[in-house]
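# An overview of the molecular structure
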Amino acid sequence: MNLDFTDDEIRRYSRNILLQEVGGIGQARLRSARVLVVGAGGLGSPLLLYLAAAGVGTIGLVDDDVVDISNLQRQIAHTTASIGTPKVESAAAAARAINPGVTIEAHQTRLTAGNALELAARYDLVCDGTDNFATRFLVADACVLARRTLVSAAVLRFDGQLAVFKPHAGQDFPCYRCLYPEPPPPGMVPSCSEAGVLGAVTGVMGTLQATEALKELLGVGESLAGRLLIWDGLATRFRLVRLKRDPECPACGANATLRDLSGHVAAPETACAV
Ligand SMILES: [Zn+2]
């Protein structure tokens, strides 16, 4: 690993490098890391900006949508001037403005059964910030097949959830389908476009997601894998729930039936970021 830093890099990352858990080696590890962010929306905005600011060397960003005025209440990587432009371009410009030293790979496309596995495999770690179950299950299955750690955040109204899934790392670690074996019937769980979400709530959850992604890349602290963080923003209450691996899980169990992504035929109907 290349441990040479320019004077500018040392100044830029000095508050990271000062941390015993990061140091020069950790900063070099971040610089050589590749992270895929799925969804350039309310979660993806703070997530992308903090990963770029922290010096994650290569960040892929997937989204096929364009910036709409109704996004700006929470999607802080975009501006009023960027209404009508592709979200990946707008968000990539914001990230590059913070840190021109990182590479942003903009994928202006919808994640599909045809491209999800190949995209996930090109990165070390995947972060899901999407707002529909079809895409969530697609990302989760692609990560199991590609053996990539998935940092998954979700928000609705004043509530948030966060989990890390890495079944490839050991028997103690569940996958997304150990928690949710199948998508809920359409219409069962409202989306943010139906039920609303407070913008700051997406900011908190996207920032927690960035923190857990950086912890996984650095290999420091206590991994969230195997636990689910639930935040009730109205009550100001965080709680952690233990997640167990399901031996009968269709994706990671002993008799798993997941072999490829061919079961994900229907493309999500709605734009994919929160
Ligand atoms: Zn599983």
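Up top is the structure these notes are about.
Heads up: these notes are all about the structure in this document. (Residues numbered from 1 in each chain as written. Predicted model: local features only at pLDDT ≥ 70, side-chain atom pairs only at ≥ 80, totals over all residues. Heavy atoms only, no water.)

## As for the coordination of the zinc ion
Coordination of the zinc ion by the protein involves Cys175 (SG), Cys178 (SG), Cys249 (SG) and Cys252 (SG), with metal-donor separations of 2.3 Å. Between the donor residues of the zinc ion, the gaps in sequence give the motif C-x2-C-x70-C-x2-C. With Cys178 in helix 8 (residues 176-179) and Cys249 in the segment after strand 8 (237-242), this residue pair connects regions lying 71 residues apart in the sequence. (Donors = N, O, S within 2.8 Å, 3.2 Å for Na, K, Ca; no water. Helix = DSSP H or I, 4+ residues; strand = E, 2+ residues; numbered from the N terminus.)

## A word on helix 7 (residues 133-146)
Taking 1.5 Å of rise per residue, the 14 residues of helix 7 would be expected to cover 20 Å, and the 20 Å separating its terminal C-alpha atoms lies within 8% of that figure. With eleven of 14 residues buried, helix 7 lies mostly within the body of the structure. Those residues of helix 7 lying buried are Thr135, Arg136, Phe137, Leu138, Val139, Ala140, Asp141, Ala142, Cys143, Val144 and Ala146. Capping the start of helix 7 is the job of one residue whose side-chain oxygen sits 3.4 Å from the backbone nitrogen of Ala134: Asn132. With its phi angle positive at about 55°, Arg147 sits one or two positions after the end of helix 7. (Expected span 1.5 Å × (residues − 1). Buried < 20%, exposed > 50% of the residue type's maximum accessible area, 1.4 Å probe, protein only. Polar contact = N/O pair within 3.5 Å; in protein donor to acceptor, adjacent residues only side chain to side chain.)

## Structural notes on the environment of Leu3
Positionally, Leu3 belongs in the segment before helix 1 (7-12). Relative accessible area serves as the criterion here: at 44%, Leu3 is assigned to the partly exposed category. Taking the C-alpha atoms as reference points, Leu3 and Thr257, 254 residues apart in sequence, are found 43 Å from one another. Excluding residues within four positions of it along the chain, Leu3 makes contact with Gly24, Ile25, Ala28 and Arg31. (Contact = heavy atoms within 4.5 Å.)

## Things to note about the sheet that holds strand 1 (residues 34-38)
Across the sheet, eight strands lie side by side as 3-2-1-4-5-6-7-8; this open sheet has mixed pairing. Edge positions in the sheet fall to strand 3 (103-107) and strand 8, since each of these pairs with one other strand and no more. Shown here is a sheet whose adjacent strand axes are inclined to one another by a mean of 15°, direction ignored. For strand 5 (residues 149-156) and strand 6 (residues 159-165), the ladder comprises seven bridges, and the chain directions are antiparallel. Paired with Val151 across the bridge in strand 6 is Val164. (Pairing = 2+ DSSP bridges. Axes fitted to C-alpha atoms, helices over the stretch in contact; angles between N-to-C directions.)

## A word on unusual backbone geometry
The backbone phi angle of Arg147 is positive, close to 55°, even though this residue is not glycine. Mapped onto the fold, Arg147 is located in the loop between helix 7 and strand 5. Note on Arg147: relative accessible area 53%, which makes it exposed. Within the chain, Arg157 stands out as a residue other than glycine whose phi angle is a positive 55°. For Arg157, the position within the fold is in the loop between strand 5 and strand 6. With a relative accessible area of 44%, Arg157 lands in the partly exposed category.

## Details of the side chain of Asn99
Position of Asn99 among the secondary structure elements: in the loop between helix 5 (87-98) and strand 3. At 2.9 Å, the side chain of Asn99 and the backbone oxygen of Ala52 are in polar contact. In this structure Asn99 touches Arg12, Tyr13, Ala52, Ala53 and Gly55, once residues within four positions along its chain are discounted.

Scope: geometric values only; no functional claims are made or implied.
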